[in-house]
Amino acid sequence: MSMKRMVTLLLTAVTVSTAVVTLGTQQVAAAKTRYTIRTFPKRMRGTWYTYSGGRYYRVKITAKKISGAAGTWHLHPKKVTATTDFRSRRHRNWIYGTTFKIDGEKWTWTYGWTQGAGAGDYYRGVAHRLDGKTYHTLQLASGAEAWTDAYAYHSKRAAKKYANRFFGNERLRDDF
């Protein structure tokens, strides 16, 4: 066999084996790619009210949108490892979210699509028994340790009646 033919066969073999390894790695990587949540959990959805300072605040959560006094944000999934351009103004009303557990409690965390700093917002649907009746509440939290800010209720009446009510098992900020 000539030297030129041996070199050609060797290069061909290396090229083919490299292609097989590369394609196999890409397929495995694609199979392992994780995305953020595509829809909000059903327990979070609905119209929720809080009451503070003599005023009602409304938060409406659908499968892919959160609306409140400060505006409307649209949920969009993305790769967990993907980065975004923080200078972009194109997606100012986009958010992404993940679910996780803290001390056995299942939370949903939302973060602005182009948000460069801050802890984001945390939500957790939880049932509480108050005055002999079960209320499905939305626990609202923020900050680095998911500190509870308030509970939201499905009715304005319950929101006003139980405003500033905490149940003793929340993480609260030290400055309250």
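Residues numbered from 1 in each chain as written. Predicted model: local features only at pLDDT ≥ 70, side-chain atom pairs only at ≥ 80, totals over all residues. Heavy atoms only, no water.

Caption draft 1: Quick peek at the packing of aromatic side chains. Tallying each qualifying case throughout the model produces 13 aromatic pairs. Summarising the aromatic geometry, the rings of Tyr96 and Trp113 are spaced 6.2 Å apart at their centres and angled 85 degrees between planes, so their arrangement reads as edge-to-face. With a gap of 17 residues between them, Tyr96 in strand 5 (residues 94-102) and Trp113 in the loop between strand 6 (105-112) and strand 7 (121-130) connect regions that are remote in the sequence. Residue class for Trp113 comes out buried when judged on its relative accessible area of 12%. Here the aromatic rings of Tyr153 and Tyr162 are separated by 6.0 Å at their centres, their planes lie at 35 degrees, and the arrangement is tilted. For the pair Tyr153 and Tyr162, one class covers both residues: buried. Ring pairs connect the aromatic residues Trp94, Tyr96, Trp109, Tyr111 and Trp113, which therefore count as one cluster. The ring of Tyr35 has Arg38 sitting right over it, with the charged end atom 5.1 Å from the ring centre. Cation over ring: Lys78 sits above Tyr96, and NZ or CZ is 4.1 Å from the ring centre. (Phe/Tyr/Trp six-rings, centres within 6.5 Å; stacked < 30°, edge-to-face > 60°. Helix = DSSP H or I, 4+ residues; strand = E, 2+ residues; numbered from the N terminus. Buried < 20%, exposed > 50% of the residue type's maximum accessible area, 1.4 Å probe, protein only. Lys NZ or Arg CZ within 6 Å of the ring centre and 35° of its normal.)

Caption draft 2: Highlighting the nonpolar core. Among the nonpolar cores identified, the biggest contains 13 residues, and Phe40, Met44, Ile61, Ile66, Tyr123 and Leu138 are the most heavily contacted of them. Taken together, the elements giving at least two residues each to this core come down to strand 2 (55-61) and strand 8 (133-142). For Tyr123, the contacting residues outside a window of four places in its chain are Met44, Ile66, Trp107, Thr108, Thr110, Leu138, Gln139 and Leu140. (Core = buried A, V, L, I, M, F, W, Y, C linked by side-chain atoms within 4.5 Å. Contact = heavy atoms within 4.5 Å.)

Caption draft 3: Representation of the side chain of Thr148 in the model. You can see Thr148 is positioned in strand 9 (residues 147-152). Thr148 gets classed as buried once you look at its relative accessible area, which sits at 0%. Within polar-contact distance, the side chain of Thr148 engages the side chain of Gln139 at 2.7 Å. (Polar contact = N/O pair within 3.5 Å; in protein donor to acceptor, adjacent residues only side chain to side chain.)

Caption draft 4: Spatial organisation of the sheet that holds strand 5. Strand order in the open sheet made by the 9 strands is 1-2-3-4-5-6-7-8-9, with mixed pairing throughout. In this open sheet, the two strands that pair with only one neighbour each are strand 1 (46-52) and strand 9. Across the sheet, the mean angle from the axis of one strand to that of its neighbour is 30 degrees, orientation sign disregarded. As paired strands, strand 5 and strand 6 are joined by 8 bridges and run antiparallel to one another. Across the sheet, the residue bridging to Tyr96 is Tyr111, located in strand 6. (Pairing = 2+ DSSP bridges. Axes fitted to C-alpha atoms, helices over the stretch in contact; angles between N-to-C directions.)

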